[in-house]
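A structural walkthrough
Take a look at the letters that make up each chain.
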Amino acid sequence: MISPPTTVWLVDDDVDDLMLLETAFKRVDSSVLLETMHDGEDLVAKLSSGPERPSFVVLDLNMDRLSGMQALQEIRQQFPQKELKIIVLTTSFNPDDRFRSEVMGANDFFVKPTEFGELTELVRKLLVEWVA
């Protein structure tokens, strides 16, 4: 039996951060299918529009329109942690953001690395840990 391809949805309103994440994923595993969204509203709409689900979601917290925290809260009302894996990746070092993310149902939480090599290693870790 052939397993489905790994798909990852990247949600971030910073175009440069999205580009770096895409590049890191492609460097680690070029077979990963990536879809980008620019805020939590896009993510909630995509999840509501059909049955398609990613292997996991990488979600920024600080975004316009619908923040990552608000999106996480809305999404967890419909999709439990086991059904939809959401990894928070943010610039915030605030321990309250980590705590709130965990309480609201994030599967994991990371501060965005400042070096591309560190980002690549984080992506490698995410693929190993969160791809079923």
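What this report covers is the structure whose coordinates are included nearby. Just so it is clear, the structure is predicted and the values come from calculations on it, not from any experiment.

A few points about the overall build of the protein chain
Along its length, the protein chain carries five helices and five strands. Ordered by position in the sequence, the α and β elements of the protein chain form the string β-α-β-α-β-α-β-α-β-α. Once the C-alpha set of the protein chain is aligned to its principal axes, its extents read approximately 35 × 30 × 25 Å. A burial count over the protein chain gives 45% of its 132 residues as buried.

What about the pairing of strand β2 (residues 33-37)?
Note that strand β1 (residues 7-11) and β2 share five bridges and pair parallel. Bridging across to β2, Trp 9 finds its partner in Glu 35. Of the crossover connections in this fold, the one passing from β1 over helix α1 (residues 15-28) to the parallel β2 is right-handed.

Re a negative patch on the surface
A cluster of acidic residues, Asp 13, Asp 14, Asp 16 and Asp 64, forms a negative patch on the protein surface. Relative to the helices and strands, Asp 64 is located in the loop between β3 (56-59) and α3 (68-78). Residue classification places Asp 64 among the exposed residues on the basis of a relative accessible area of 59%.

Concerning the pattern of salt bridges
As enumerated under the stated definition, the model contains nine salt bridges in all. Residue Lys 112 pairs with Asp 17 through a salt bridge whose shortest N-O separation is 2.7 Å. Within this pair, whereas Lys 112 is found in the loop between β5 (108-111) and α5 (116-130), its partner Asp 17 is found in helix α1, the two being separated by 95 residues in sequence. The exposure class of Lys 112 is buried, given its relative accessible area of 14%. The partly exposed category is assigned to Asp 17, whose relative accessible area is 22%. For Arg 124, the salt bridge goes to Glu 121, with nearest N and O atoms at 3.4 Å. Taken together, the residues Arg 124 and Glu 121, both in helix α5 and three residues apart, mark about one turn of the helix. Residue class for Arg 124 comes out partly exposed when judged on its relative accessible area of 36%. Three or more residues are tied together by salt bridges with common partners; here these are Asp 12, Asp 17, Asp 60 and Lys 112.

So, how was this worked out
- Residues numbered from 1 in each chain as written.
- Predicted model: local features only at pLDDT ≥ 70, side-chain atom pairs only at ≥ 80, totals over all residues.
- Heavy atoms only, no water.
- Helix = DSSP H or I, 4+ residues; strand = E, 2+ residues; numbered from the N terminus.
- Buried < 20%, exposed > 50% of the residue type's maximum accessible area, 1.4 Å probe, protein only.
- Pairing = 2+ DSSP bridges.
- Right-handed = clockwise from strand over helix to strand, strands pointing away.
- Patch = residues over 30% accessible without salt bridge, like charges linked within 9 Å, V, L, I, M, F, W, Y side chains within 5 Å.
- Areas by Shrake-Rupley, 256 points an atom, 1.4 Å probe, with all protein chains shown as cover.
- Salt bridge = Lys/Arg side-chain N within 4 Å of Asp/Glu carboxyl O.
- Lys, Arg positive; Asp, Glu negative; His and termini not counted.
- Charge placed at Lys NZ, Arg CZ, Asp CG, Glu CD.

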